[in-house]
Amino acid sequence: MIKKNSKIYVAGERGMVGSSVIRLLKDKGFQNIITMNKKKLNLLNQKETFNFLKETKPDSIVIAAAKVGGINANNLYRAEFIYQNLQIQNNLIHGSYISGIKNLIFLGSSCIYPRDSIQPIKEKYLLTSPLEYTNEPYAIAKIAGVKMIENYNKQYKTNYLCLMPCNLYGPNDNYDLKTSHFLPAIIKRIHDAKTKNKEKVIFWGNGTSLRELMHVDDLANAVYFFLGKKTSEYLINVGSNTEYSIRDYIKLVCKIIGYTGKISFDKKMPNGTPRKLLDCSIANKLGWRHKIKIEEGIKSTYSDYLKNEIL
């Protein structure tokens, strides 16, 4: 566990994950938290990033900065997803090493695992079969980050760790339908349908794909739990150990929002990976478990959406 007076740099502080990590650290009494928005620090620029890390010399870094999006964005902006994510993580991981930064947590996504992986997915299943094509560029970038950390730990004896969460949701999520993940897209579309009295909402695919969801505050708790922790592991899954179909999530959101119209599916559109359930045995054995139940989490997320709604 890190000390309360530790200097911690959270990269990606304006995003859903970064902002959640910062909230938790402040609640725990950490006051020496470093943030730097993209207007002042371009993480795609190696020189800028290296100079920043050398000058600020944080004790620990949390890499929550990334180019992220749902199935549509991943498929449309494939080059940007692989280039920007590789560049950001390379600069931060290598920059941390050359600056002598002791502790680092790199955050990825369960999409790093094979499309048709054995379920639930263990960390050792990485690179055992092909990836889901629609998010392959993003996944390859994140896999490169995982392997970079594995080999820096081996060669340079660094204490760096990769946390791989399942699909996330929560406050400060992205509700832009062109780039959002599936749950915020469901929330926005059902909310809009209710407020505009639409009789029907059509979703992509057939609704049968299974997804494990975890509230972002549970991930922040995992970051806090593992930051500075000594372990022989370099890759650890963190999830809720529970999965539902896309159709079930839509029904739950309809119930929470109070939408009673018709739901249908466009089966000509892609479903994405059929199933992604993480095996979190390693995290659980080390003492971490998620806490927030799905209905409770979606209700609080919708309340946050209403407070910050952009029409």
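Predicted model only: the values in this text are computed from it and were never measured.

It is not clear to me how the overall build of the protein should be interpreted in this structure. Could you clarify?
When you go through the protein residue by residue, the secondary structure sums to 10 helices and 12 strands. If you line up the protein on its principal axes, its C-alpha atoms span 60 × 40 × 35 Å. Within the protein, residue pairs in contact and separated by at least 24 positions form 82% of the contacts whose partners lie at least 6 positions apart. Summed over its atoms, the accessible surface of the protein is roughly 14900 Å², and 50% of this surface lies on carbon and sulfur atoms. The protein carries 47 positive and 27 negative side-chain charges, and their two centres are separated by 2 Å.

Sorry if this is basic, but what is going on with the nonpolar core here?
Note that soluble globular proteins tend to have their nonpolar side chains buried in a common cluster. Counting residues in hydrophobic clusters, the biggest one holds 70 residues, and the most contacted among them are Tyr 9, Leu 163, Phe 226 and Val 238. In terms of residue count, the dominant contributor to this core is helix α7 (residues 216-226) (8 residues). For Tyr 9, the contacting residues outside a window of four places in its chain are Ile 34, Met 36, Leu 41, Leu 43, Phe 52, Leu 53, Pro 58, Ser 60, Ile 61, Val 62 and Leu 92. If you look at the next biggest cluster of nonpolar residues, it comprises 25 residues, including Ile 250, Phe 265, Ile 294 and Tyr 305.

Looking at this structure, how should I read the packing of helix α4 (residues 78-98) against helix α5 (residues 136-156)?
The description of two packed helices rests on the angle between their axes and on the distance between the axes. As a packed pair, α4 and α5 sit with axes 8 Å apart at the nearest point and diverge in direction by 15°. In this view, α4 runs roughly parallel relative to α5, as classed from their interaxial angle. Crossing geometry of α4 relative to α5 is assigned as right-handed. Contact with α4, carried on its side by Arg 78, Phe 81, Ile 82, Asn 85, Leu 86, Gln 89, Asn 90, Ile 93, His 94 and Tyr 97, involves Glu 136, Pro 137, Tyr 138, Ile 140, Ala 141, Lys 142, Ala 144, Gly 145, Met 148, Ile 149, Tyr 152 and Tyr 156 of α5 and no other residues of that element. The residue inventory of the contact of α4 with α5, partitioned by class, reads 14 nonpolar, 5 polar and 3 charged.

How should unusual backbone geometry be read in this particular structure?
One can expect most non-glycine residues to show negative phi and most peptide bonds to be in trans. Pro 120 follows Gln 119 through a cis peptide bond whose omega is -10°. Take Pro 120: it is sitting in the loop between β4 (103-107) and α5. Even without glycine at this site, Asn 197 takes up a positive phi of about 55°. Relative to the assigned elements, Asn 197 resides in the loop between α6 (182-195) and β7 (200-204). Its identity as a non-glycine residue notwithstanding, Asn 241 has a phi of 65°, on the positive side. Along the chain, Asn 241 turns up in the loop between β9 (235-238) and β10 (243-245). Judged by its relative accessible area of 39%, Asn 241 falls in the partly exposed class.

In this structure, what is going on with α7? I would like to understand it.
Every α-helical turn comprises 3.6 residues, leaving residues that sit three or four positions apart pointing alike. Counting buried residues in α7 gives 10 out of 11 residues, a clear majority hidden from the surface. Taken residue by residue, α7 has Val 216, Asp 218, Leu 219, Ala 220, Asn 221, Ala 222, Val 223, Tyr 224, Phe 225 and Phe 226 as its buried positions. Immediately beyond the C-terminal end of α7, within one or two residues, lies Gly 228, with a positive phi of roughly 85°.

What counts and what doesn't
- Residues numbered from 1 in each chain as written.
- Predicted model: local features only at pLDDT ≥ 70, side-chain atom pairs only at ≥ 80, totals over all residues.
- Heavy atoms only, no water.
- Helix = DSSP H or I, 4+ residues; strand = E, 2+ residues; numbered from the N terminus.
- Contact = heavy atoms within 4.5 Å.
- Areas by Shrake-Rupley, 256 points an atom, 1.4 Å probe, with all protein chains shown as cover.
- Lys, Arg positive; Asp, Glu negative; His and termini not counted.
- Charge placed at Lys NZ, Arg CZ, Asp CG, Glu CD.
- Core = buried A, V, L, I, M, F, W, Y, C linked by side-chain atoms within 4.5 Å.
- Buried < 20%, exposed > 50% of the residue type's maximum accessible area, 1.4 Å probe, protein only.
- Axes fitted to C-alpha atoms, helices over the stretch in contact; angles between N-to-C directions.
- Parallel < 35°, antiparallel > 145°, perpendicular 65-115°, else oblique.
- Left-handed = near helix turned anticlockwise from the far one by under 90°.
- Nonpolar A, V, L, I, M, F, W, Y, C, P; charged D, E, K, R; others polar.

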